[in-house]
Amino acid sequence: MSAGAQAPVIVAEGLSKRFGEREALRGVGLRVSAGELVAIVGPNGAGKTTLLSILAGVQRPSAGTVSGAGAGRAAGWAPQQPALYGRLSVAENLRLFARLEGLADPAGAVARMLAQTGLQERADERVERLSGGNRQRVNVALGLIAEPPALALDEPTSALDPGQRERLWEFVGGLARAGTAVLFSTHHLGEVRHHATRAIVLADGELLFDDTPARLIEQTGGERDFEGAFVAFLKARGH
Amino acid sequence: MRWLLGKDLVILARSRLLVATLVIYPIAIALLIGLAISRSPGKPKVAIVDETPPGQTISVGGRQVEVGRYAAQIFDQVQPVAVDSRAQAVADIEAGRVLAAVVIPRDIAARISSGVSQGSVEVLYNGNALEQSLVQSQLNAALAQANVGFSQRIQQAAAGAIAALLQGGDAAVLGAPPDMIGLSQIPARLKEIVAHQPPGAEREQLERIEAFATFAAQNLDAARGALAAIGQPIAVKSTPVQGRRTPLDTFAVVVAVSVSLMFVCVLLAAGGLALEREEHVLARVLRGPPALVSREGLLGEKILLAAACGFVLALAMLAGVGAFVSLEWSRVGQWLVALACGGVAFGALGVAIGALAREVRAASLLAFGLALPLAFLALVPSGAVSHGVYDAIAAISFVFPFKAALQALDAAVNGASPGLGVSAIHLLLLSLLFAALARVGLRRLE
């Protein structure tokens, strides 16, 4: 397991999650430092969304602990399907969550997020009328409104076209460069190679790999791209 | 909670179709229920075939009763359509111009006057089962009423004849001799005659006749009373067992307002909570610790919003209806308590439904599906169904808030029993129960 040189902003130890008879996570532990861009990959049902939702405080683990850098929630949260009020405008959504977060200056936070997401001109537009890419930006902005040290993104680009994906990664890259730790799950493995500084591979709820994407390619030997290395890695471990 | 409340009000204000539906639908339902309960059923169109000659009379106890008078009593209960023949009546029924036909035969007078056979009328029906049931029950009631009137005429005639027999004089009974001696006078006259008779067989005979005359006069007098009792064997005296008697029109108002309150509150609360889930915001709002909004706070906000909207609408309805129906405005404080308690209980039921449904449409459908039968069941009177079914209905009505809200509002508006306090406590307990169920429903996210 690798970790950044800086002090961790998220420390998860022995995370397990059980849904009835099914064990979605089995003793997963990780440390994430500020500015890291951590990709969580794995086949369907591997436990990626469960891990991210536990880190963001959406679900409680059956066992294990999560601690963050601050006193509040360990990470901001941007679910796969944008969690927004469609009949409210972009600014109204941001203002509502700024107030619910108890921020001292909600108007300032709204202005900051509008500027950061480049949605100033769409501020008064109802969310239900935005494109998928802009909705995802608002979705991410809501996860960031309280300036959390880490942000959990669940398949943020799954419903976006290539242009929208590229713009979102520019935005997310900017966040990481500014010091926010970003954890994201994805099935677009090319994104892992291009954008992630670290890859975590999950299968059947177990953490199988935690290092740089380049290291995974090295480990599988002979594979030229991350996707081939990922498939070979899982096959070698019986998945 | 206030930020969520403000957000929901903004969303509500932007959902004009929803607001219009929530306002217009319950008002329309309320008006229909109010009209259905407060108005007597309309008179069915019935063809009348009167085959009797005009002005024909029936002789009863020496008095003449017009056949037309008997027919008029039937006409009074229906919307009569005079037709010339039975064939025409059948054609009108088949064409749907009338629901039924009553044929009064030519020989009805002769049969009744004979004193040995019943007069009869023929009734022809058509239409669906409901229409048949309606017209049949109205005609049966009309015929029964006419028969009662007729039997009273016979009883009066018979009583007159008995009186003439007892009292004598110039009786107005057909065939009676002038200055006839009355049966009640005979014992005294005989007593005088017997007193002047010497002892012997003749005197004994006269004494026996005198004893019989005394006995006959006494029993015939008693028969007159018995005839009066037969004319109306059972008299009805109405006494409400509990509380004040609620006038039908104000009870209809209470039903209409309760139905509207239920629909608005249940639909708003259920839809409001389901919308949070449908827009995937619930997880964002509730994630923690600490949560942006507690689960209890979220449920409380939805209940409060629904109860407030329902309260305003129901109060406006009461005020509006008050212009047409006499309501006691001095009780307005109690109205507010009843509406508030009812609104909160319906709101709690709504959030319980909303916590079960994953989307607004499913929540609305579930809310409609539950609310309609609840209102229907709460209005089923005891005695209308078997004991077992009524007990089941009563149990269902007890664990859902409609009947309790209806009783609370009836107590507040009409002073009916049980009192407002009992119903209000019942509603608050149900509010806690459904809010707890909604809380369990939300836990499914964890």
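Residues numbered from 1 in each chain as written. Chains lettered and ligands numbered in written order. Predicted model: local features only at pLDDT ≥ 70, side-chain atom pairs only at ≥ 80, totals over all residues.

Peer 1: Quick one: what's the story with the overall build of chain B, residue by residue and with numbers?
Peer 2: On a plain count of helices and strands, chain B comes out with 16 helices and 8 strands. Within chain B, the fraction of its 446 residues that count as buried is 34%. Long-range pairs, those at least 24 residues apart, make up 77% of the contacts in chain B with a sequence separation of at least 6. (Helix = DSSP H or I, 4+ residues; strand = E, 2+ residues; numbered from the N terminus. Buried ≥ 20, exposed ≤ 12 C-beta atoms within 10 Å, placed from the backbone. Contact = placed C-beta atoms within 7 Å.)

Peer 1: Can you break down the overall build of chain A residue by residue, with the values?
Peer 2: Along its length, chain A carries 8 helices and 9 strands. Computed over C-alpha atoms, the radius of gyration of chain A comes to 18 Å, within 12% of the 18 Å expected from 2.2 N^0.38 for 239 residues, which places it in the range of a compact globule. Across its three principal axes, chain A shows a C-alpha extent of roughly 50 × 35 × 35 Å. Burial analysis of chain A (239 residues in total) assigns 49% to the buried set. The long-range fraction of contacts in chain A, counting pairs at least 24 apart against all pairs at least 6 apart in sequence, stands at 67%. (Rg over C-alpha atoms; globule rule 2.2 N^0.38 Å.)

Peer 1: Report on the interface of chain B and chain A, specifying residues and quantitative values.
Peer 2: With 18 residues of chain B in contact, the opposing surface of chain A contributes 21 residues. Among the secondary structure elements, those contributing two or more residues to the side of chain B that touches chain A are α1 (2-14) and α10 (282-286) of chain B. With 5 residues, α1(B) is the single largest residue contributor to the side of chain B that touches chain A. Of the residues contributing to the side of chain B that touches chain A, the split by class is 9 nonpolar, 3 polar and 6 charged. (Nonpolar A, V, L, I, M, F, W, Y, C, P; charged D, E, K, R; others polar.)

Peer 1: Can you lay out the sheet that holds strand β4 (residues 63-68) of chain A for me, pointing to particular residues and giving the numbers?
Peer 2: Residues and elements named next belong to chain A. Strand order across the open sheet formed by 3 strands is β2-β1-β4, with antiparallel pairing between neighbours. A strand with exactly one partner marks an edge of an open sheet, and here the two such strands are β2 (22-33) and β4. Here the strands of the sheet are splayed against their neighbours by 15° on average, with no regard to which way each runs. Across 5 bridges, strand β1 (residues 8-19) lies against β4 in antiparallel orientation. In the strand pairing of β4, S16 is matched with A63. (Pairing = 2+ DSSP bridges. Axes fitted to C-alpha atoms, helices over the stretch in contact; angles between N-to-C directions.)

Peer 1: So what's going on with the packing of helix α15 (residues 401-414) of chain B against helix α16 (residues 420-443) of chain B? Residues and values would help.
Peer 2: Packed helices, taken two at a time, are described by the angle between their axes plus the distance between the axes. Residue and element names in this part refer to chain B. Relative to each other, α15 and α16 sit at 150°, their axes nearing to 8 Å. Considering the angle they form, α15 stands roughly antiparallel to α16. Here α15 runs over α16; the crossing is left-handed. Packed against α15, whose contacting residues are P401, A404, A405, Q407, A408, A411 and A412, the element α16 presents L420, S423, A424, H426, L427 and L430 at the interface. Split into classes, the residues belonging to the contact of α15 with α16 amount to 10 nonpolar, 3 polar and no charged. (Parallel < 35°, antiparallel > 145°, perpendicular 65-115°, else oblique. Left-handed = near helix turned anticlockwise from the far one by under 90°.)

Peer 1: Could you give me a rundown of the sheet that holds strand β9 (residues 206-211) of chain A, with the residues and numbers involved?
Peer 2: Residue and element names in this part refer to chain A. Taken in spatial order, the 6 strands line up as β5-β6-β7-β3-β8-β9 in an open sheet, and their pairing is mixed. Both edges of this open sheet fall to β5 (76-78) and β9, since each of them pairs with a single strand only. Looking at each pair of strands side by side, their axes are set apart by 15° on average, direction ignored. Lying on the sheet, helix α1 (residues 48-55) is in contact with β3 (37-41), β6 (150-154), β7 (181-185) and β8 (198-203); it crosses β7 at an angle near 150°.

Peer 1: Residues and numbers for the pairing of β3(A), please.
Peer 2: Residue and element names in this part refer to chain A. Summarising burial for β3: 5 of the 5 residues are buried, a large majority. Neither face of β3 is open: one carries L37, A39 and V41, the other V38 and I40, and all of them are buried. Relative to β7, β3 runs parallel, the two being bridged by 4 bridges. If you follow V38 over to β7, its bridge partner there is L183.

Peer 1: Could you give me a rundown of the environment of B:A424, with the residues and numbers involved?
Peer 2: Residue and element names in this part refer to chain B. On the secondary structure map, A424 appears in helix α16. Taking the number of C-beta atoms within 10 Å as the measure of exposure, A424 has 23 and is therefore buried. Spatially, the C-alpha atom of A424 lies 20 Å from that of V351, the residues being 73 residues apart in sequence. The residues contacting A424, other than those within four sequence positions of it, are V337, C341 and A408.

Peer 1: Talk me through the domain arrangement of chain B; I want residue IDs and the actual numbers.
Peer 2: Reports often express the size of an interface as the amount of accessible area lost when the parts come together. Residue and element names in this part refer to chain B. Considered domain by domain, chain B is made up of domain 1 (2-38 + 248-443), domain 2 (45-167) and domain 3 (186-230). Every contact between the two is made by 7 residues of domain 2 and, on the other side, 8 residues of domain 3. Split into classes, the residues belonging to the side of domain 2 that touches domain 3 amount to 6 nonpolar, 1 polar and no charged. (Domains from an automatic or database assignment.)

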